[in-house]
Amino acid sequence: MEIVILVSLLSLYCDFTDAECLVVSPARLVVKHGDPASSNCSSDTPVEMGWEATQGGAGLTDNKVKILNWKVDSLTDWNSNPTCFTEGGQCQKQLNITVYKLPDRVSISYRKYPDPMVEGHQYLLQCLVQNIAPIGRLTVTFYKVNTTGEQTELDTQHKSKDNINTPENGTYTLDFTPGRDDDGAQLLCSAMLDLGPEGPQPPPVMESNRLNTNVHYKPQFTSPGCFSMSITEGDTLSLNCSANGNPAPSYDWLLPHADPNTMEERSVVTITNMAKSHSGNYTCFARNPLGNSTCTVKVEVTVDYLPIIAGLAAAVVVILLVVSCFTYSSYYKHRRMGHYQLKDMLPRRHKNKHVVQHNGMDQSFM
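Residues numbered from 1 in each chain as written. Predicted model: local features only at pLDDT ≥ 70, side-chain atom pairs only at ≥ 80, totals over all residues. Heavy atoms only, no water.

We now examine the pattern of salt bridges. Inspection of every chain in the model, using the stated rule, returns 5 salt bridges. Residues Asp252 and Arg287 are paired through a salt bridge, measuring 2.4 Å at the closest nitrogen-oxygen approach. Here the residue Asp252 occupies a position in strand E22 (residues 250-254), and Arg287 occupies one in strand E24 (residues 280-288), the gap between them amounting to 35 residues. The exposure class assigned to Asp252 is buried, which follows from its relative accessible area of 12%. (Salt bridge = Lys/Arg side-chain N within 4 Å of Asp/Glu carboxyl O. Helix = DSSP H or I, 4+ residues; strand = E, 2+ residues; numbered from the N terminus. Buried < 20%, exposed > 50% of the residue type's maximum accessible area, 1.4 Å probe, protein only.)

Pasting the structure below:
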């Protein structure tokens with residue numbers, strides 16, 4: 001019992017007194033399964049030392065040395081813990097080794113395949129990481145990639161399994177509730193093995209396959225949607241009913257001047273030569289198996305008085321012109337005919353011969 005206590009005290013003493021204890025360099029190794037590995041054990045003073053290991057072990061040296069190398073060409077032991085020791089086990093140091101393996105495959109799937117995927121419903125995504133070690137250093141992230149290529153992180157998960165060194169399969173799940181904007185997007189997951197600063201940099205990442213989403217949703221009207229408008233009497237009205245929906249919606253129109261029990265089965269309604277009786281509400285119905293939406297356009301038919309005013313003004317001008325011409329013609333005729341008499345046109349006799357000027361004309365009389 002006294003000997004065991006003494007050895008334990010010496011071991012603790014060696015752990016805290018570097019000048020008299022062994023030093024392992026590097027003290028920690030991160031090695032890919034099947035790759036070579038090596039480390040040195042050294043002492044300030046020459047001692048007989050050895051390596052205890054399942055691979056690459058070595059007994060005590062015959063001579064006292066300051067350094068002893070441990071080396072394997074292919075490390076395959078998942079639980080390898082090489083320990084450097086001195087004669088009698090008075091001092092020992094363990095090499096910390098992490099043996100890792102990248103996953104054989106990373107895949108994403110639905111726990112139950114949706115047929116079809118519907119807006120607002122919840123679906124369980126499953127990410128499977130196969131044959132990876134150590135699984136306790138694994139981080140799994142779910143992503144969504146929209147139709148423009150923008151990638152969004154949905155969730156990140158990590159399971160603490162530090163006591164498992166051998167390869168394991170990991171299953172990670174996520175509840176996903178799609179919206180209409182997710183239609184056409186892709187879903188994927190990635191597995192990152194973060195082994196710390198001694199491990200590969202940057203940490204290795206493996207992505208899964210991609211799931212294409214086909215989200216069904218009820219119709220929704222696009223811009224400008226429902227509105228009010230006015231149109232001039234005699235013009236042509238054209239209204240286009242357009243809505244987003246998956247599956248693509250069908251359309252019906254309810255017109256203000258039609259029988260309320262009948263509908264126009266078309267997306268565009270066109271009416272030529274609009275009249276005041278065409279005023280009212282034009283209601284469009286967009287339908288698909290997920291539901292329906294309605295949009296009402298209020299149309300008011302107005303009269304354009306400008307052409308009428310212009311026509312009246314033109315008529316007044318014409319009438320004034322006619323009246324003016326008639327008045328002028330009557331006045332001129334009366335003036336020409338009312339001031340001349342036959343006796344004025346005959347020459348007068350005078351006793352003396354003289355010249356008389358009449359109406360701008362010179363006449364000689366005897």
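Picking up after the structure, the text goes on.
Our next topic: unusual backbone geometry. Where the residue is not glycine, phi is negative for most of them; where a peptide bond is considered, it is trans in most cases. Cis geometry marks the peptide bond from Gln201 to Pro202, where omega comes out at -5°. With an omega dihedral of 5°, the bond running from Asn246 to Pro247 counts as a cis peptide bond. Note on placement: Pro247 falls in the loop between strand E21 (243-246) and E22. For Asn131, which is not glycine, the phi dihedral falls at a positive 60°. Structurally, Asn131 is set in strand E11 (residues 123-132). In this structure, Asn273 is a non-glycine residue whose phi angle is positive, near 50°. Tracing the backbone through its elements, the reader meets Asn273 in the loop between strand E23 (268-271) and E24.

So, on to the sheet that holds strand E5 (residues 65-72). Spatially, E1-E3-E5 is the arrangement adopted by the 3 strands of the open sheet, whose pairing is antiparallel. Whereas interior strands pair on both sides, the edge strands pair on one side only; in this sheet they are strand E1 (23-25) and E5. Averaged over all neighbouring strand pairs, the angle between strand axes comes to 20°, with direction disregarded. One ladder, built from 7 bridges, connects strand E3 (residues 37-47) with E5; its direction is antiparallel. Of the residues in E5, the one forming a bridge with Asn40 is Asn69. (Pairing = 2+ DSSP bridges. Axes fitted to C-alpha atoms, helices over the stretch in contact; angles between N-to-C directions.)

Time to look at the nonpolar core. Residues Leu125, Cys127, Val129, Leu138, Val140, Phe142 and Tyr172 are the most contacted members of the largest nonpolar core, which totals 26 residues. Tallying contributions element by element places E11 first for this core, with 5 residues. Discounting chain neighbours no more than four positions away, the residues touching Leu125 are Ser109, Tyr110, Phe142, Tyr172, Thr173, Leu174, Phe176, Leu187 and Leu211. Grouped together as the second largest cluster of nonpolar side chains are 20 residues, Cys21, Val31, Leu95 and Val99 included. (Core = buried A, V, L, I, M, F, W, Y, C linked by side-chain atoms within 4.5 Å. Contact = heavy atoms within 4.5 Å.)

Our next topic: the pairing of strand E13 (residues 151-158). In summary, the side chains of a regular strand alternate between the two faces of the sheet. As judged from the 7 bridges shared by strand E12 (residues 138-145) and E13, these two strands associate in the antiparallel manner. Bridged to Val140 within E13 is Gln157. Counted along the chain from E12 to the antiparallel partner E13, the turn is 5 residues long, and its residue Gly149 has a positive phi close to 95°.

Turning our attention to the sheet that holds strand E19 (residues 228-232). Read from one edge to the other, the open sheet built from 4 strands follows the order E19-E25-E24-E22, with strand pairing classed as mixed. Both outer strands of the open sheet, E19 and E22, are each paired with one neighbouring strand and no more. Adjacent strand axes in the sheet meet at a mean angle of 25° when their direction is disregarded. Bridge analysis of E24 against strand E25 (residues 291-302) gives 9 bridges, and the strand direction is antiparallel. Counted as the bridge partner of Asn288 is Gly291 from E25.

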